[in-house]
Amino acid sequence: MEAAIRTAYEIVTGREVRIKKLHVESVIGLEGVKKSLFKNKEYLPDWKFLEGVELKVGVAHGLGNARKIIEEIKKGEEFHFVE
C-alpha cells in the first residue's frame, strides 16, 4: 500500500516524494483492518479533476480481516484501493 500511495503521488504531482524512507503510519502493520484518507493539494494539469478528492485506502491483514472489509464495502463504505 505504501508503494502504491507513493507512486500515485508522483504520478499526479510530477514530483518525487521528498522523504526517502516514507512510512505511511496509518497503513503499516500486520494486524486488523486499517483505513486512511489522503488529500493532495497540487496536481499536474491532467490530474486537476482530482482536486478536492480524498484518496481512501484500506488494508486488511489475513482472510478474516479481508472478510470484515468486504462486509463494510457491501454495507456502502467506499474505498479507492484495498490491499
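Look a little higher up for the structure.
Residues numbered from 1 in each chain as written. Predicted model: local features only at pLDDT ≥ 70, side-chain atom pairs only at ≥ 80, totals over all residues. Heavy atoms only, no water.

1. So, helix α1 (residues 2-13)
The end-to-end C-alpha distance of α1, which contains 12 residues, comes to 17 Å, matching closely the 16 Å that a straight helix rising 1.5 Å per residue would cover. Of all the positions in α1, only Glu2, Ile5, Val12 and Thr13 are classed as buried. Along the axis of α1, the buried residues cluster in a sector spanning 110 degrees; they form a single face. Contacts from the buried residues of α1 go to β1 (33-39) and β2 (54-60). (Helix = DSSP H or I, 4+ residues; strand = E, 2+ residues; numbered from the N terminus. Expected span 1.5 Å × (residues − 1). Buried < 20%, exposed > 50% of the residue type's maximum accessible area, 1.4 Å probe, protein only. Arc of directions from axis to C-beta. Contact = heavy atoms within 4.5 Å.)

2. Concerning helix α2 (residues 63-74)
The terminal C-alpha atoms of α2 lie 16 Å apart, and with 12 residues this matches the ideal 16 Å at 1.5 Å per residue to within 8%. Downstream of α2 by a residue or two, Gly76 has a phi angle that is positive, lying close to 115 degrees.

3. What about the environment of Ser36?
Take Ser36: it is sitting in strand β1. On the basis of relative accessibility, which here comes to 9%, the residue Ser36 falls in the buried class. Along the primary structure Ser36 and Val59 are separated by 23 residues, whereas in three dimensions their C-alpha atoms are 8.8 Å apart.

4. Quick notes on the sheet that holds strand β3 (residues 81-82)
Pairing within the open sheet is mixed, and its three strands lie in the order β1-β2-β3. The sheet is open, and its two borders are formed by β1 and β3, each paired with just one other strand. In the sheet, β1 pairs with β2 via seven bridges, with the strands oriented antiparallel. When the sheet's bridge partners are listed, Leu37 is paired in β2 with Lys56. This element, α2, spans β1, β2 and β3 of the sheet and lies at about 145 degrees to β2. (Pairing = 2+ DSSP bridges. Axes fitted to C-alpha atoms, helices over the stretch in contact; angles between N-to-C directions.)

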